[in-house]
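Understanding the architecture of this molecule
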Amino acid sequence: MGRKKVIVAGASGLVGSAAVHHFGARPDWDVVAVSRRPPLDMPPGVQHVAIDLTDQGRCAQVFGAMSDITHVIYTAVAEKLDNIYAGWTDPQQIATNAAMLQNLFEPLARAATSLQHVALVHGAKAYGCHLPQLDVPIPMRECLPRVPYPNFYYEQEDYIWDRQRGQDWHWTVWRPVGIAGAAIGSPMNSSLMPPLYAALRREAGLDLPIPAGVTLATEATDADLIAEALEWGAESPAA
């Protein structure tokens, strides 16, 4: 197979940053990092495209000219920063995230005639684990029906399902839980919070308290391992 060229949308985020570094180090891949601001630790040789995915006109201009793209990794997300939890079921926020994917993919799909694979990076909220009113079965399985609550993951999956019909390219959805990794400047990098809190306590001359009760944080997924999995999923028929 010849050279491959991948768009990583959401390149300044936790998974996007890991994917940019992983694919950027591979000799047979060219990488286009897509985000509103350039990642602070951009690896050499990676092209950055600064774009707001909510800008439909700008997206049509930029992605409509990318005829050599073979793969897409979509990790972008718009959160409701004043109330992140409410945003997960907010109709306007769901519409925004659905439109962002479409704004990128519609012009790209028309231009990139050699497209091979699309990867959507979502998470366990697809199973309703963020809804306290639900008794979510454990383990969560792909055969479970969707929960009857709005979720932008569903909007994006349904869109890609529909766009793939009759096409030669394929797609994969990823649902990691509790992602941990290095992402400079990323507000989603929750693994930095405990050491930051510990440093502030030490500076104030205070001990680090041990929380009482039961924690809900029981597992995490390494961002670099997700990046490796994304490369496997991009090419393996088993994916």
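Residues numbered from 1 in each chain as written. Predicted model: local features only at pLDDT ≥ 70, side-chain atom pairs only at ≥ 80, totals over all residues. Heavy atoms only, no water.

Let's talk about the overall build of the protein
Secondary structure assignment for the protein yields seven helices and eight strands. Taking 239 residues into account, the globule formula puts the C-alpha radius of gyration at 18 Å, and the protein, at 19 Å, falls close to it. Projected onto its principal axes, the C-alpha coordinates of the protein cover approximately 60 × 45 × 35 Å. Across the 239 residues of the protein, 44% fall into the buried class. Once local pairs closer than 6 in sequence are excluded, the contacts in the protein between residues at least 24 apart make up 68%. As displayed, the protein offers around 13,200 Å² of accessible surface, 56% of which is attributable to carbon and sulfur atoms. (Helix = DSSP H or I, 4+ residues; strand = E, 2+ residues; numbered from the N terminus. Rg over C-alpha atoms; globule rule 2.2 N^0.38 Å. Buried < 20%, exposed > 50% of the residue type's maximum accessible area, 1.4 Å probe, protein only. Contact = heavy atoms within 4.5 Å. Areas by Shrake-Rupley, 256 points an atom, 1.4 Å probe, with all protein chains shown as cover.)

Quick notes on empty space enclosed by the protein
Enumeration over the complete set of coordinates arrives at one cavity of 30 Å³ or more. Taken as a whole, the largest cavity encloses approximately 30 Å³ of empty space. Together, H71, V72, I73, H117, A119, L230 and A234 line the largest cavity. Mapped by element, the contributors of at least two residues to the lining of the largest cavity are strand 4 (71–74), strand 5 (117–121) and helix 7 (223–235). Per-element tally for the lining of the largest cavity: the top contributor is strand 4, with three residues. (1 Å grid on protein atoms, 1.4 Å probe; cavity = no way out; pocket = protein on both sides within 12 Å on 5 of 7 lines; lining within 4 Å. Points joined across faces, edges and corners; volume = space filled by probe spheres on them.)

Brief notes about the sheet that holds strand 5
Taken together, the six strands give an open sheet; going across it, the order is 3-2-1-4-5-6, and neighbouring strands pair in parallel fashion. Because the sheet does not close on itself, it has two edges, and the strands there are strand 3 (47–50) and strand 6 (170–174). Averaged over all pairs of adjacent strands, the angle between their axes in this sheet comes to 15 degrees, without regard to strand direction. In the packing of helix 1 (residues 14–24) onto the sheet, the strands contacted are strand 1 (4–9), strand 2 (29–35), strand 4 and strand 5, and the crossing angle to strand 2 comes to about 160 degrees. (Pairing = 2+ DSSP bridges. Axes fitted to C-alpha atoms, helices over the stretch in contact; angles between N-to-C directions.)

Some points on the nonpolar core
With 29 residues, the main nonpolar core has L53, F63 and L104 as its most contacted residues. Mapped onto this core, the elements with two or more residues apiece are strand 1, strand 2, helix 2 (56–63), strand 4, helix 4 (91–111), strand 5 and helix 5 (152–164). No other element matches helix 4, which puts five residues into this core. In contact with L53, other than residues within four places in its own chain, are A9, V34, C59, F63, Y74, A76, A99, M100, N103 and L104. (Core = buried A, V, L, I, M, F, W, Y, C linked by side-chain atoms within 4.5 Å.)

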